[in-house]
Amino acid sequence: MIHDTTKPDVTLPGKSTWNYHPNLPLEDQSLFNLKRGPILGLKVLWNSWLPISDRLIVVGVSFLTWFYLSPSLETARSFAFGWIAGVYLRNLALMVLVAGGMHLYLYTFKRQGNHLRYDARPFHKKNALYKFNSQFLDNVYWSIASGATIWTAYDVLGLWAYANGYAPMLSFSEHPVWCVLWFVLLPIYGVFHFYWIHRLLHWGPIYDKVHSLHHRNVNVGPWSGMSMHPVEHVIYLSSVLIHLVIPSHPIHFIFQLQQKVLLAITSHGGYEAITGGEDSDAGLKVGDFFHQLHHRYFECNYGEPEVPCDKWFGTFHDGTEEATARTRARLKAMRIK
Ligand SMILES: [Zn+2]
Ligand SMILES: [Zn+2]
């Protein structure tokens, strides 16, 4: 018998582990897989954006935000309460719209039931681990009190920096190709940044004081995505500091912050996709099983699949039982040290 090397011998998790999971072992989504060749590589990239994706929607939102919901650079030249409050309210409204809307649809009205839901266990309601003894209220509190505030602080500093020439500006009319390319390249850079800051956040003292707050959520929902300690918000969103170095337009800057915030919310939604209902498979892919595995098993999948740092550095969990055993052994060895 010829052994089929394309299908490794793997044990898949049982129904009791996950209510739903995508095809396992997880498919290779890496943009850096050179064996695949450039054409297939471009196809993976193309499929991650088109015909519709949550990040393409965020590109649209960032254009609308710049043209209709942002102060002019003239106004942003000096700090003033009025426009800063406007940016804060705008960000708060966006956060409540996306996280609140998803929570209502998926968890309050249960419009999809458990269809495409990764982990069907309910959120904690009477648990002293959480602020107000409730996982939901705890998540809302940290997302709004810290998340929306620090997001706004970065937004305000960025607009002020563009307005005063501290951030190099790129115009759409003079550099249209670069302006389009940045939308593609910035999320890739964002994943690379996330992998390294996330490894830092898992370092003993920082984990205990800071990142453990996000990890209270083993089962996650939309409000868990931005439920972080203020120090983590500062570190997580620091990827935007790259705009102080690379020439870009404020729309790119707004886009990078919005995709960091809004896609953290959607990817923690707990569902693979938002569909029209329990019987429908057609919908918008939002979930991130790769990161859901991180919340369940901790010492694995620090990054995202497009930039396979986890594969390069041996922390990849592909969803199989063998990967769970490897991760548990690594966690045990780390605790013994
Ligand atoms: Zn983590
Ligand atoms: Zn998370």
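Residues numbered from 1 in each chain as written. Chains lettered and ligands numbered in written order. Predicted model: local features only at pLDDT ≥ 70, side-chain atom pairs only at ≥ 80, totals over all residues.

Asks: Hey, could you run me through unusual backbone geometry in this one?
Replies: Residues apart from glycine generally show negative phi values, whereas peptide bonds are mostly found in trans. The step from Leu24 to Pro25 runs through a cis peptide bond, and the omega angle for that step is -5 degrees. On the secondary structure map, Pro25 appears in the segment before helix H1 (38–49). The phi angle at Lys110 is positive, at roughly 50 degrees, despite the residue not being glycine. Among the structural elements, Lys110 can be located in the loop between helix H3 (81–108) and helix H4 (135–163). Using a count of 13 C-beta atoms within 10 Å as the deciding quantity, one classes Lys110 as partly exposed. Even without being glycine, Leu116 reaches a positive phi, approximately 70 degrees. In this structure, Leu116 sits in the loop between H3 and H4. (Helix = DSSP H or I, 4+ residues; strand = E, 2+ residues; numbered from the N terminus. Buried ≥ 20, exposed ≤ 12 C-beta atoms within 10 Å, placed from the backbone.)

Asks: I keep staring at the confidence of the model for the protein chain and nothing clicks. Help me out?
Replies: Reading predicted coordinates in detail is not appropriate for stretches of low pLDDT. Per-residue confidence for the protein chain gives a mean pLDDT of 93, with 97% of residues at or over 70. Across residues 1–6, confidence stays below pLDDT 50; counting only partners more than four residues off in sequence or on other chains, it has zero contacts. (pLDDT = per-residue confidence, 0-100. Contact = placed C-beta atoms within 7 Å.)

Asks: Is there a simple way to think about the environment of Asp119 in this case?
Replies: Among the secondary structure elements, Asp119 is positioned in the loop between H3 and H4. The class for Asp119 is partly exposed, based on 19 C-beta atoms found within 10 Å. Leaving out residues up to four positions away in the same chain, Asp119 has contacts with Trp18, Asn19, Asn219 and Gly270.

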